[in-house]
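# A structural walkthrough
Residues per chain, in single letters:
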Amino acid sequence: MSLTDLTIAAARRGLRGREFTSRELTEAHLAAIEALNPRLNAFITVTGERALAQAGIADAAIARGEFAPLTGIPLAIKDLFCTEGVRTTAGSRILSPFVPPYESTVSANLLRDGAVFLGKANMDEFAMGSSNMTSAYGPVENPWKRRQDNEAVLVPGGSSGGSASAVAARLAMGATGTDTGGSIRQPASFCGIAGIKPTYGRCSRWGVVAFASSLDQPGPFARTVEDCAILLGSMAGHDPKDSTSADVPVPDFAAACRREVKGLRIGVPREYRLDGMPDDIERLWQQGIAWLRDAGAEVIDVSLPHTKYGLTTYYIVAPAECSSNLARYDGVRFGMRENGVDLRDLYERTRAAGFGAEVRRRVLIGTYVLSAGYYDAYYVRAQKVRALILRDFTEAFAKVDALLAPTAPSAAFAQGENMDDPIKMYLNDAFTIPGSMAGVPGMSVPAGLDVNGLPLGLQVIGKPFDEETVFAVSAAIERAAGITALPQVRAGA
Amino acid sequence: MSYALEGSTGTWEIVVGLEVHAQVISKAKLFSGAATDFGAPPNSQVSFVDAAFPGMLPVINRECVAQAVRTGLGLNARINLVSRFDRKNYFYADLPAGYQISQYQYPIVGEGRIEIELADGSTREIGITRLHLEQDAGKSLHDQHPTKSYIDLNRSGVALMEIVSEPDIRSPEEAGAYLRKLRSIVRYLGTCDGNMDEGSMRADVNVSVRKHGEPYRTRCEVKNVNSIRFVMQAIEAEAKRQIEVWEGGSTVEQETRLFDHARGTTRSMRSKEDAHDYRYFPDPDLLPLVLDEAWVTGLKAKLPELPDAKKARFMRDFGLAAYDASVLVAEQATADFYETVAKGRDAKIAANWVMGDLFAALNREGRTIADSPVSAASLGKLLDLLADNTISGRIAKDVFETMVEMGEDPAAIVEAKGLRQVTDTGAIDVAVAQVLAANADKVAEYKAGREKLFGFFVGQVMKAMAGKGNPALVNEALKRKLS
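Rules used in this analysis
Residues numbered from 1 in each chain as written. Chains lettered and ligands numbered in written order. Predicted model: local features only at pLDDT ≥ 70, side-chain atom pairs only at ≥ 80, totals over all residues. Helix = DSSP H or I, 4+ residues; strand = E, 2+ residues; numbered from the N terminus. Rg over C-alpha atoms; globule rule 2.2 N^0.38 Å. Buried ≥ 20, exposed ≤ 12 C-beta atoms within 10 Å, placed from the backbone. Contact = placed C-beta atoms within 7 Å. Domains from an automatic or database assignment. Nonpolar A, V, L, I, M, F, W, Y, C, P; charged D, E, K, R; others polar. Pairing = 2+ DSSP bridges. Axes fitted to C-alpha atoms, helices over the stretch in contact; angles between N-to-C directions. Core = buried A, V, L, I, M, F, W, Y, C linked by C-beta atoms within 7 Å. Parallel < 35°, antiparallel > 145°, perpendicular 65-115°, else oblique. Expected span 1.5 Å × (residues − 1). Arc of directions from axis to C-beta. Left-handed = near helix turned anticlockwise from the far one by under 90°.

Let us look at the overall build of chain B. For chain B, the count of helices and strands is 15 helices and 16 strands. In terms of overall size, chain B is more extended than a compact globule, its C-alpha atoms giving a radius of gyration of 30 Å where 483 residues would be expected to give roughly 23 Å. Its C-alpha atoms give chain B principal-axis dimensions of about 95 × 55 × 50 Å. When each of the 483 residues of chain B is scored for burial, the buried share is 40%. A fraction of 67% describes how many contacts in chain B between residues 6 or more apart in sequence connect residues 24 or more apart.

Attention now goes to the overall build of chain A. When its secondary structure is counted, chain A shows 16 helices and 11 strands. Taking 493 residues into account, the globule formula puts the C-alpha radius of gyration at 23 Å, and chain A, at 21 Å, falls close to it. Seen along its three principal axes, the alpha-carbon backbone of chain A occupies a region of about 65 × 55 × 50 Å. Put simply, chain A has 493 residues, and 61% of those count as buried. Taking the intrachain contacts of chain A between residues at least 6 apart in sequence as the baseline, contacts between residues at least 24 apart amount to 78%.

The figure often quoted for interface size is the accessible area lost as the parts come together. Residue and element names in this part refer to chain B. According to the domain assignment, chain B contains domain 1 (5-299), domain 2 (332-417) and domain 3 (425-482). Once you take the C-alpha centre of each, domain 2 and domain 3 turn out to be 30 Å apart. Contact residues are listed per partner, giving 4 residues for domain 2 and 4 residues for domain 3. By residue class, the composition of the side of domain 2 that touches domain 3 is 1 nonpolar, 2 polar and 1 charged.

Counting residues at the interface gives 25 residues for chain B and 34 residues for chain A. For the side of chain B that touches chain A, the residue count by class is 18 nonpolar, 3 polar and 4 charged.

This part is about the sheet that holds strand E5 (residues 194-197) of chain A. Residue and element names in this part refer to chain A. Taken together, 11 strands build an open sheet; the order of strands is E1-E3-E2-E4-E6-E5-E10-E11-E9-E7-E8 and the sheet is mixed. Either end of the sheet is taken by a strand with one partner, and the two such strands are strand E1 (43-46) and strand E8 (298-302). Looking at each pair of strands side by side, their axes are set apart by 30° on average, direction ignored. When E5 meets strand E10 (residues 442-449), the two strands line up antiparallel, connected through 3 bridges. Within E10, the residue paired with Ile-196 across the bridge is Met-443.

So, about unusual backbone geometry. Here the amide bond leading from A:Gly158 into A:Ser159 is cis, since omega sits at 10°, within 30 degrees of zero. Following the sequence through the fold, A:Ser159 ends up in the loop between strand E3 (116-121) and helix H5 (161-168). For B:Ala52, which is not a glycine, the phi torsion comes out positive at approximately 55°. Here B:Ala52 shows up in the loop between strand E2 (10-23) and helix H1 (62-74). Although it is not a glycine, B:Ala466 sits at a positive phi angle of roughly 55°. Structurally, B:Ala466 can be placed in the loop between helix H14 (453-464) and helix H15 (471-482).

Let's shift gears to the nonpolar core. One finds A:Leu75 and A:Val473 to be the most contacted residues of the largest nonpolar core, which totals 229 residues. When residues no more than four places from it in sequence are discounted, the contact partners of A:Val473 are A:Val261, A:Leu264, A:Ile266, A:Leu292, A:Ala402 and A:Val460. Ranked by size, the runner-up nonpolar core spans 33 residues in total, among them B:Ala350, B:Ala351, B:Leu379 and B:Val414.

Let us look at the packing of helix H10 (residues 310-325) of chain A against helix H12 (residues 357-370) of chain A. All names here are of chain A. With their axes 7 Å apart at the nearest point, H10 and H12 run at an angle of 100° to one another. Here H12 runs roughly perpendicular to H10, going by the angle between their axes. Note on element contacts: H12 touches H10 through Arg-362, Val-363, Ile-365, Gly-366, Thr-367, Val-369 and Leu-370, opposite Tyr-315, Ile-316, Pro-319, Ala-320, Cys-322 and Ser-323. Across the contact of H10 with H12, the residue classes tally to 9 nonpolar, 3 polar and 1 charged.

A few words on the pairing of strand E7 (residues 123-135) of chain B. Each regular strand carries side chains that alternate between the two faces of the sheet. All names here are of chain B. One ladder, built from 6 bridges, connects strand E6 (residues 112-117) with E7; its direction is antiparallel. Bridge pairing in E7 links Arg-113 to Gly-127. Here E6 folds back onto E7, and the loop between the two strands holds 5 residues, one of which, Gly-121, carries a positive phi near 90°. Inspection of the sheet shows E7 paired to strand E10 (residues 159-165) by 7 bridges, in the antiparallel sense. Paired with Leu-133 across the strands is Met-161, a residue of E10.

To continue, consider helix H5 (residues 307-318) of chain B. All names here are of chain B. An ideal rise of 1.5 Å per residue puts 16 Å on 12 residues; H5 measures up with 15 Å between its terminal C-alpha atoms. Of all the positions in H5, only Pro-307, Lys-310, Lys-311 and Phe-314 are classed as buried. Down the axis, H5 shows its buried residues gathered within 105° of arc, on one side only. Relative to its buried face, H5 has exposed residues pointing more than 90 degrees away, namely Arg-316 and Asp-317. With its phi angle positive at about 65°, Gly-319 sits one or two positions after the end of H5.

Residue and element names in this part refer to chain B. Relative to each other, helix H12 (residues 425-438) and H15 sit at 50°, their axes nearing to 10 Å. On the basis of their axis angle, the class for H12 and H15 is oblique. Relative to H15, the crossing made by H12 is right-handed. Taking contact as the criterion, the partners of Thr-425, Ile-428, Asp-429, Val-432 and Leu-436 in H12 are, on H15, Leu-473, Val-474, Ala-477, Leu-478 and Lys-481. Residues that form the contact of H12 with H15 fall into these classes: 7 nonpolar, 1 polar and 2 charged.

Residues and elements named next belong to chain A. If you trace the backbone, Met-336 turns up in the loop between H10 and helix H11 (343-354). Look at Met-336 and you get partly exposed, because 16 C-beta atoms sit within 10 Å. Along the sequence, Met-336 and Gly-354 sit 18 residues apart, while their C-alpha atoms lie 7.2 Å from each other. With residues up to four places along the chain from it excluded, the contact list for Met-336 reads Arg-93, Ile-94, Ser-96, Pro-97, Gly-331, Thr-350 and Gly-354.

All names here are of chain B. Where strand E1 (residues 5-7) lies against E2, 3 bridges are found, and the strand directions are antiparallel. In the strand pairing of E2, Glu-6 is matched with Thr-11. Looking at chain direction, E2 and strand E11 (residues 201-210) are connected through 10 bridges and run antiparallel. What sits directly across from Ile-14, in E11, is Val-209. As judged from the 5 bridges shared by E2 and E10, these two strands associate in the antiparallel manner. Bridge pairing in E10 links Glu-19 to Val-164.

Our next topic: the environment of A:Val489. Residues and elements named next belong to chain A. With respect to the secondary-structure elements, Val-489 resides in the segment after helix H16 (467-481). The spacing of Val-489 and Trp-144 is 345 residues in sequence and 6.4 Å in space, taken between C-alpha atoms. In contact with Val-489, other than residues within four places in its own chain, are Leu-36, Arg-39, Leu-40, Pro-143 and Ala-169.

This brings us to helix H4 (residues 105-112) of chain A. Residues and elements named next belong to chain A. Counting buried residues along H4, 7 of its 8 residues qualify, which places the element largely inside the surrounding structure. The set of residues buried in H4 consists of Thr-105, Val-106, Ser-107, Ala-108, Asn-109, Leu-110 and Leu-111. Remark: Gly-114 follows H4 within two positions and exhibits a positive phi of approximately 95°.

Bringing the environment of B:Ala22 into the picture now. All names here are of chain B. Within the secondary structure layout, Ala-22 lies in strand E2. Residues Ala-22 and Phe-314, 292 residues apart in the sequence, show an inter-C-alpha distance of 28 Å. In this structure, Ala-22 is in contact with Leu-160, Met-161, Ile-163, Val-186, Cys-192 and Met-201, ignoring residues within four places of it in sequence.

Spelled out as structure tokens, the structure:
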């Protein structure tokens, strides 16, 4: 087995057992990046020298017998996390020259625990997108191919497309992502890996370029549920620099992966079906229900009646916040600047040249819904509906311990598909958005393949700050599914 | 008689409400740890939060919240235990985030009131609508370079309290009294230094005019007036302009105006049509601000004695008149100075000295009570010398002037200059005899009935004694000799 095929859990054991060094592990991944990134475009910036230096420090620590939870483990960092001294673009042209003089709390936590950073992962511009097609640094390729179709280049999902593609193709052992309306879960599903959006407030947003502050939440990607749990254990924790960060203890998530699901009550929300959804997804959902029942869980039908308003509400709240959050990209203090004849001209030229079409669309929508005369009809109303969506979950969680649903209404689609109609693209997040609006944790776990051999994920949604149950249920599905299929494009293939 | 302006169509009443921006005294900014010192080199007190770098988040400064609560308590206002921060969105070079964090819908302090005193001795209550916390913007410098504007972000993010009055003010004098009282209260509380010339207190003035008994007419807002005198001038100028507009058959349009103090007029800054749409919405980076009632109670218990309470006490304990008490409590330093002088002495004489000779000397020297050349203790000693007849009132004035100039101890001055009052009746009798002998004609006139000449004899005797004769004994001796 090649070093790039190891799970994080296995690599930790190997490093501790002196079977290989972090330098060897890191070099193997850098070689994989060199070989495949020109095709996949999963990284915007590769920091090979830094990675090797960090690996050297990790090896020295290991030699002294010092092991932190992630000592020597090579990871990819979504380019939305500010990294001190390393360019951070948020997938946007407007931040192309931006090198942060500070490290985000989440990436700093990973460094504290000994991680090695391979580079900055590609993403939809400012995390706005579900295909990674809106990145100013080019689209990312999904390492999976349709059966009997070597032509179609599939999208990895988005917005954390680079992170998901890199982990699936074995360019990194794990990666950070952020999830605002599904930006971890949907790409995890499309790329056949695991990814969790933790409870809002579980991970600090400090140093993460903001898209929609009330929804943004960092989380990990990895190829196994346990690896995600290991990563989240390092990423999470209260941060006094983020007023919305929750002051709650960080439990042993990895231990939770070994918990029994016997006796758990699993809710199946009847509203998570869309017209024209492939049969494969419905079939997989029923399969997931059967697996959990077989493992001793009690399955209960539940209703989340406001699910159908999730998408529309989200596309008011998120653009409203982004229209304000992105006002700081004005060409005055950092990032790119297009000079103008006066201040206003400078703003207009800089922002017109710096932002792509999807970002401009959302800034315009957000500006509109906050405008005098429209605020009550859109923003205030959306907040009321958001409260109802949260109430749906609260009421459901009075009856069940976790919910099971599909992650996305389709498997990965090809680059160019779904591009003509933004609404169609937005539907990708129909099953992930309600959980985002409610702030509850949700994990996508690979559960099967569709008729074309493409991976499909199931989503486990938990109570606020009960990621442990989410990990337990996800791990049970992972064990039952026993997937052996691998992406066609991967290191060592 | 209340204030009114005469127009060609009759008498107009003015209606004024003030929005005062008061910079909070705090070591750090409202949402960042950067310092707030005045006069620091440009852009030397700026954190990444203040400069709105990507991924930076605001964290509320607890001390700024406490200062706002203290101010609210000092304004007899309701403290809202739950308030919220909103974003006010607009683009400008000195507003790095593209929005200002402010409390739009749910302010930390609700309705309150303050009492103002007017020159005629009357008092009025002015309602406070609200007080909210918000961030200051940076400063644009347009005069440093022929083609460039410079931006100083030192002020960016500094905590301001916006204190909004009800439209209860009816004259420039009332506006001035309101501002002085407000400044006095925040200075007592230590929540704002009130220095309008440094920009730590600025006022937006809302002015409208109406005929007596009418509902309110359209108002205009005169922005950013930076002295009490200019506020008073701006009100009058703007009211007169509006009266002219109405009387000319036109309509006053709601707009934002600027006061040009060189010309003494206001001019349009932007009309209602050009007004920004600020797209206020709750700041998703901040949770609602929830105050613990016990914490508020604790702040209340530690508030200093405020001007109104101190004035009442001065009137009660020292027997001062309302006007004198108001003057003495206007500034905490003056009140403290006065109390030190008055303690254990004749409180009225102490008040006269502080408000008379001391204020005059400070005025002349261009000093404030804080750096007074004569300390409260020294002035007290001077009053003691006066009280025990060591010196006369006239000599006391001379000693005081020497104290102002040399800063010496009054007893030492009296000794060194030999100013001790003569109470030896023999010496006084000699001087009286000499004066009467030298002015036999005047003595005759006096005896014929010109009693006013008595003062002349006193003056001559005092002069002969180089001012050191005890005035009471001189009077007594003269009366005896002239009867």
